[in-house]
Amino acid sequence: MLRGEVHTMTLRQAVEQSLRQNPEIAMARLDEIKAQEAVRIQKDPFSPRISVGSGLAYTSGFPMSIDGAAPSVIQARASQFLFNRQQSYMVAQAKEEARAVSFAVSSRKDEVAYRVASLFLDAERAARAGQTARKEVESLAQVLATVRSRVQEGRDLPLEAKRAELNLARERQAADILDADRETTETSLAMVLGFSADDRVRPAAEERQVPPAPASEQAAVESALGSSSELRRLQSEIAAKGLEGKAAKAARLPRADLVAQYGLFAEFNHYQDYFLQYQRNNGELGVSFQLPLLPGPGVRASAAQAAAEAAKLRLQMDSTRNQITADTRRAFREVRKALEAQDVARLDLELAREQLSVNLSLHEEGRILMRQLEESRIAESEKWVAYYDAQYTVERAQWNLARLTGDLVAALR
């Protein structure tokens, strides 16, 4: 079985790759193409439609017509809508629906970009935590060797060696778990980027900046509402339903069609025996007018149905606007809380490092046991992991706020 490829990328490269190859975005683009073609389908009746054929037939007795046309060697027909208000509304409806689909594509891009950023940060965090754990394994292995030596010399109890072995086994287990988590996350990231499940995407070391946060919570809410693709999609769908209702009502209006016909008659149909004037080449060009007198109850029902669906979409739009407002306020506060937690984690790490330095000096002087020194070393390692977690929590919160305010994709392209 062939092993997959490992792709090393920066966050910007990963997002650009996902926008090109992500399956969900590709499917959304196909929906957009389908909606654009639907506009062309609705416009089709306003373009000339010409058909050519033959009504050639043997005639016995009085020449009769075939499908309303006399038997012809060659016959051609053309038709085109000149005035059809109902079809015009349907064209406008299809355009609004195409706009709604384009906004859905933009919304899907934002979702995928944030998913890529989240997985990228998870993989990066797991890799850094794994490196820290491996270093700690090496350190604890040296400690175990030292403790065993002290036990053989009679300077420490055998219990201290057992404790050192336990600490080493725990750290190895934690390192293995982190390595497995990193591989799983890298595989998930590769799949979001459009690679196979056998591939992996590994974060590259980089210095990156997140877009600056809005000046205030209210500014963040206004930016999120103004840039929301979901709200724009709902607005287009409401407009499309309004046009659908107008199209239903327009079934009562008159319509005018351009019609044209040409026929080349055969000489053996004996037309000249039954009509005073006969010629082989015949044609007509005109306008067909239609005025619906009794369109039926379906017109009112269709208009009422469109109005109900538009009202439902308005309620959904209000709910979406409230949800965006609440999510943005929550995200803004999460950024602030994450920054405060990062400061606390930094101070906690500084304290643990100073305590370790003090304990190293005390151990060299013989004033504390090796077990106490190792406890402070393990505590420092845990504080490093907590500080890394706090850093990634801050960055994840910042990218989430950027997603809601519409700045995520622009900042990563």
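Everything quoted here is computed from the prediction, not taken from an experiment.

*Asks:* Can you help me understand the overall build of the protein chain in this one?
*Replies:* In terms of regular secondary structure, the protein chain is built from ten helices and six strands. Taking 2.2 N^0.38 as the reference for a compact globule, 413 residues should give roughly 22 Å; the C-alpha atoms of the protein chain span a radius of gyration of 38 Å, well beyond that estimate. Along the first, second and third principal axes, the C-alpha set of the protein chain runs to 135 × 55 × 35 Å. Scored against the burial criterion, the 413 residues of the protein chain give a buried share of 38%. Long-range contacts, defined here as pairs at least 24 residues apart, represent 81% of the contacts in the protein chain between residues at least 6 apart. As presented, the protein chain carries roughly 24,100 Å² of accessible surface, and 52% of it is formed by carbon and sulfur atoms. Across the protein chain, the 56 positively charged side chains and the 57 negatively charged ones have centroids separated by 5 Å.

*Asks:* Even after reading the chapter, I still don't get the side chain of E96, so can you show me in this structure?
*Replies:* Relative to the assigned elements, E96 resides in helix α3 (residues 85-153). The class of E96 is buried, set by a relative accessible area of 17%. Aside from chain neighbours lying at most four places away, what touches E96 is S236, A239, A240 and L243.

*Asks:* Whenever I open this one, the layout of surface pockets confuses me. Can you help?
*Replies:* Where empty space is left becomes clear once a probe the size of a water molecule has been rolled over the atoms. By volume, the largest pocket is sized at about 610 Å³. If you trace the largest pocket, you find 23 residues lining it, with E124, R128, E206, R208 and Y392 closest to the centre. Sorting the residues of the lining of the largest pocket by element identifies α3, α4 (158-192), β4 (200-203) and α9 (370-405) as the ones contributing at least two each. Here the element with the most residues in the lining of the largest pocket is α3; it accounts for six residues.

*Asks:* Would you mind going over the environment of N84 with me for this structure?
*Replies:* Residue placement: N84 occurs in the loop between β3 (72-83) and α3. The exposure class assigned to N84 is buried, which follows from its relative accessible area of 8%. Distance from N84 to F265, taken between C-alpha atoms, is 34 Å for residues 181 residues apart in sequence. Discounting chain neighbours no more than four positions away, the residues touching N84 are F46 and R255. One polar contact links the side chain of N84 to the main-chain amide nitrogen of Q87, over a distance of 3.0 Å.

*Asks:* How should the packing of aromatic side chains be read in this particular structure?
*Replies:* To describe a pair of aromatic rings, one takes the distance between the centres and the angle between the planes. Counted according to the given criterion, the structure contains three aromatic pairs. Between the aromatic rings of F46 and F81, the centroid separation amounts to 5.8 Å while the plane-to-plane angle is 90°, which identifies the pairing as edge-to-face. Of the two residues, F46 is situated in the loop between α2 (23-43) and β2 (49-53) and F81 in strand β3; the sequence distance between them amounts to 35 residues. With relative accessibility at 24%, the residue F46 sits in the partly exposed group. A residue is classified by how much of its surface remains accessible, and F81, at 18% relative accessible area, is buried. The structure contains a cluster of three or more aromatic residues connected by ring pairs, namely W384, Y387 and Y388. The ring of Y89 has R85 sitting right over it, with the charged end atom 6.0 Å from the ring centre.

*Asks:* Help me understand the nonpolar core, please; the structure alone is not making it clear to me.
*Replies:* In this structure, V116, L193 and W399 are the most contacted members of the largest nonpolar core, which totals 31 residues. Where this core is concerned, the elements lending two or more residues are α1 (11-21), α3, α4, α8 (298-364), α9 and α10 (408-411). In terms of residue count, α3 provides more of this core than any other element does, eight residues in total. Leaving out residues up to four positions away in the same chain, W399 has contacts with L11, Y114, L121, Q209, V210, P211, L408, A411 and L412.

*Asks:* Sorry if this is basic, but what is going on with the pattern of salt bridges here?
*Replies:* Note on pairing: side chains with opposite charge can pair once their charged atoms come close. This model, assessed by the stated rule, comprises 30 salt bridges. A salt bridge links R134 to D179; its shortest N-O distance comes to 2.6 Å. With R134 in helix α3 and D179 in helix α4, this residue pair connects regions lying 45 residues apart in the sequence. A residue is classified by how much of its surface remains accessible, and R134, at 30% relative accessible area, is partly exposed. Of the charged contacts, one joins R255 and D257 as a salt bridge, the two residues approaching to 2.6 Å between their closest N and O atoms. Through salt bridges with shared partners, one network takes in E24, R108, E111 and R115.

*Asks:* Would you mind showing me how to read the environment of R413 here?
*Replies:* Tracing the chain through its elements places R413 in the segment after α10. A residue is classified by how much of its surface remains accessible, and R413, at 55% relative accessible area, is exposed. The sequence separation of R413 and D389 amounts to 24 residues, and the corresponding C-alpha distance is 26 Å. Once residues within four sequence positions are removed from consideration, R413 is found in contact with R12, E16 and L19.

*Asks:* Please explain the packing of α1 against α2 as it appears in this structure.
*Replies:* How two helices pack is summed up by the angle between their axes together with the distance between the axes. Packing of α1 against α2 brings their axes to within 6 Å, and their N-to-C directions diverge by 40°. As judged from the angle between their axes, α1 and α2 are oblique. Residues S18, L19, R20 and Q21 of α1 form the contact with α2, whose own contacting residues are P23, I25 and R29. The class makeup of the residues in the contact of α1 with α2 is three nonpolar, two polar and two charged.

Analysis parameters
- Residues numbered from 1 in each chain as written.
- Predicted model: local features only at pLDDT ≥ 70, side-chain atom pairs only at ≥ 80, totals over all residues.
- Heavy atoms only, no water.
- Helix = DSSP H or I, 4+ residues; strand = E, 2+ residues; numbered from the N terminus.
- Rg over C-alpha atoms; globule rule 2.2 N^0.38 Å.
- Buried < 20%, exposed > 50% of the residue type's maximum accessible area, 1.4 Å probe, protein only.
- Contact = heavy atoms within 4.5 Å.
- Areas by Shrake-Rupley, 256 points an atom, 1.4 Å probe, with all protein chains shown as cover.
- Lys, Arg positive; Asp, Glu negative; His and termini not counted.
- Charge placed at Lys NZ, Arg CZ, Asp CG, Glu CD.
- 1 Å grid on protein atoms, 1.4 Å probe; cavity = no way out; pocket = protein on both sides within 12 Å on 5 of 7 lines; lining within 4 Å.
- Points joined across faces, edges and corners; volume = space filled by probe spheres on them.
- Polar contact = N/O pair within 3.5 Å; in protein donor to acceptor, adjacent residues only side chain to side chain.
- Phe/Tyr/Trp six-rings, centres within 6.5 Å; stacked < 30°, edge-to-face > 60°.
- Lys NZ or Arg CZ within 6 Å of the ring centre and 35° of its normal.
- Core = buried A, V, L, I, M, F, W, Y, C linked by side-chain atoms within 4.5 Å.
- Salt bridge = Lys/Arg side-chain N within 4 Å of Asp/Glu carboxyl O.
- Axes fitted to C-alpha atoms, helices over the stretch in contact; angles between N-to-C directions.
- Parallel < 35°, antiparallel > 145°, perpendicular 65-115°, else oblique.
- Nonpolar A, V, L, I, M, F, W, Y, C, P; charged D, E, K, R; others polar.

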